[in-house]
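# Results of the structural survey
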Amino acid sequence: YAKLLGKLYYSQLQDSMVLVHGLIQRGRTWRYSCYYLSPVIMNRTREIDAKRVEALIKQTRWITAAEFIRLREKGQALNQQQNS
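Computed from a predicted model, the values in this text were never measured in an experiment.

The next point concerns the overall build of the chain. Within the chain one finds two helices and five strands. When the helices and strands of the chain are read in sequence order from the N terminus, they spell out β-β-β-β-α-β-α. Taken over the C-alpha trace, the chain has a radius of gyration of 15 Å; the compact-globule value for 84 residues is 12 Å, which it surpasses by more than 25%. In terms of its C-alpha atoms, the chain occupies a principal-axis envelope of roughly 60 × 25 × 20 Å. Counting all 84 residues of the chain, 27% fall into the buried class. For the chain, long-range pairs separated by at least 24 residues make up 33% of all intrachain contacts whose partners lie at least 6 apart in sequence. Approximately 5,900 Å² of the chain is accessible, and the part contributed by carbon and sulfur atoms is 50%. Positive and negative side-chain charges of the chain, numbering 14 and 6 respectively, have mean locations separated by a distance of 4 Å.

So, on to the environment of Tyr10. When you line up the elements, Tyr10 lands in strand S1 (residues 8–11). With a relative accessible area of 12%, Tyr10 lands in the buried category. The sequence separation of Tyr10 and Asn79 amounts to 69 residues, and the corresponding C-alpha distance is 21 Å.

Let us look at the side chain of Ser16. Within the fold, Ser16 resides in strand S2 (residues 16–26). A polar side-chain atom of Ser16 sits 3.4 Å from the main-chain amide nitrogen of Leu37. Sequence-distant contacts of Ser16, defined by excluding residues within four places in its chain, comprise Tyr9, Tyr10, Ser11, Tyr36, Leu37, Ser38 and Ile41.

Of all hydrophobic cores here, the largest spans 13 residues; its most connected members are Val20, Tyr32, Cys34, Tyr36 and Trp62. Going through the elements one at a time, S2, strand S3 (29–37) and helix H1 (50–58) are the ones with two or more residues in this core. Excluding its chain neighbours within four sequence positions, the residues that come into contact with Trp62 are Tyr9, Tyr10, Ser11, Val18, Val20, Cys34, Tyr36, Ile48, Val53, Leu56 and Ile57.

Sheet architecture is open: five strands sit in the order S4-S3-S2-S1-S5, paired in antiparallel fashion. Sheet topology places strand S4 (45–49) and strand S5 (62–64) at the edges, where each strand pairs with a single neighbour. Pairs of neighbouring strands in the sheet enclose a mean axial angle of 40 degrees, with direction left out of account. Examined bridge by bridge, S3 and S4 share five bridges and lie antiparallel to one another. Its bridge partner being in S4, Tyr32 is matched across the sheet by Ile48.

What counts and what doesn't
Residues numbered from 1 in each chain as written. Predicted model: local features only at pLDDT ≥ 70, side-chain atom pairs only at ≥ 80, totals over all residues. Heavy atoms only, no water. Helix = DSSP H or I, 4+ residues; strand = E, 2+ residues; numbered from the N terminus. Rg over C-alpha atoms; globule rule 2.2 N^0.38 Å. Buried < 20%, exposed > 50% of the residue type's maximum accessible area, 1.4 Å probe, protein only. Contact = heavy atoms within 4.5 Å. Areas by Shrake-Rupley, 256 points an atom, 1.4 Å probe, with all protein chains shown as cover. Lys, Arg positive; Asp, Glu negative; His and termini not counted. Charge placed at Lys NZ, Arg CZ, Asp CG, Glu CD. Polar contact = N/O pair within 3.5 Å; in protein donor to acceptor, adjacent residues only side chain to side chain. Core = buried A, V, L, I, M, F, W, Y, C linked by side-chain atoms within 4.5 Å. Pairing = 2+ DSSP bridges. Axes fitted to C-alpha atoms, helices over the stretch in contact; angles between N-to-C directions.

Here it is as structure tokens:
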């Protein structure tokens, strides 16, 4: 699970960037400590089950920040072409 520590993702569900900054064991369950970079989310740090986070990434509900930026720039370029 440590491979995701320090990674920045974009959560499509929360419309927010998410920084995975900690790993905590609660009993036999591993949980990530995630910081949501959104003014809408009141409690910005949340603990999320590690298996759930991996499932969100696999389902592309969480994408890497680099992928988010690439897709956003591609969308902006298409908008500019359509407006020209």
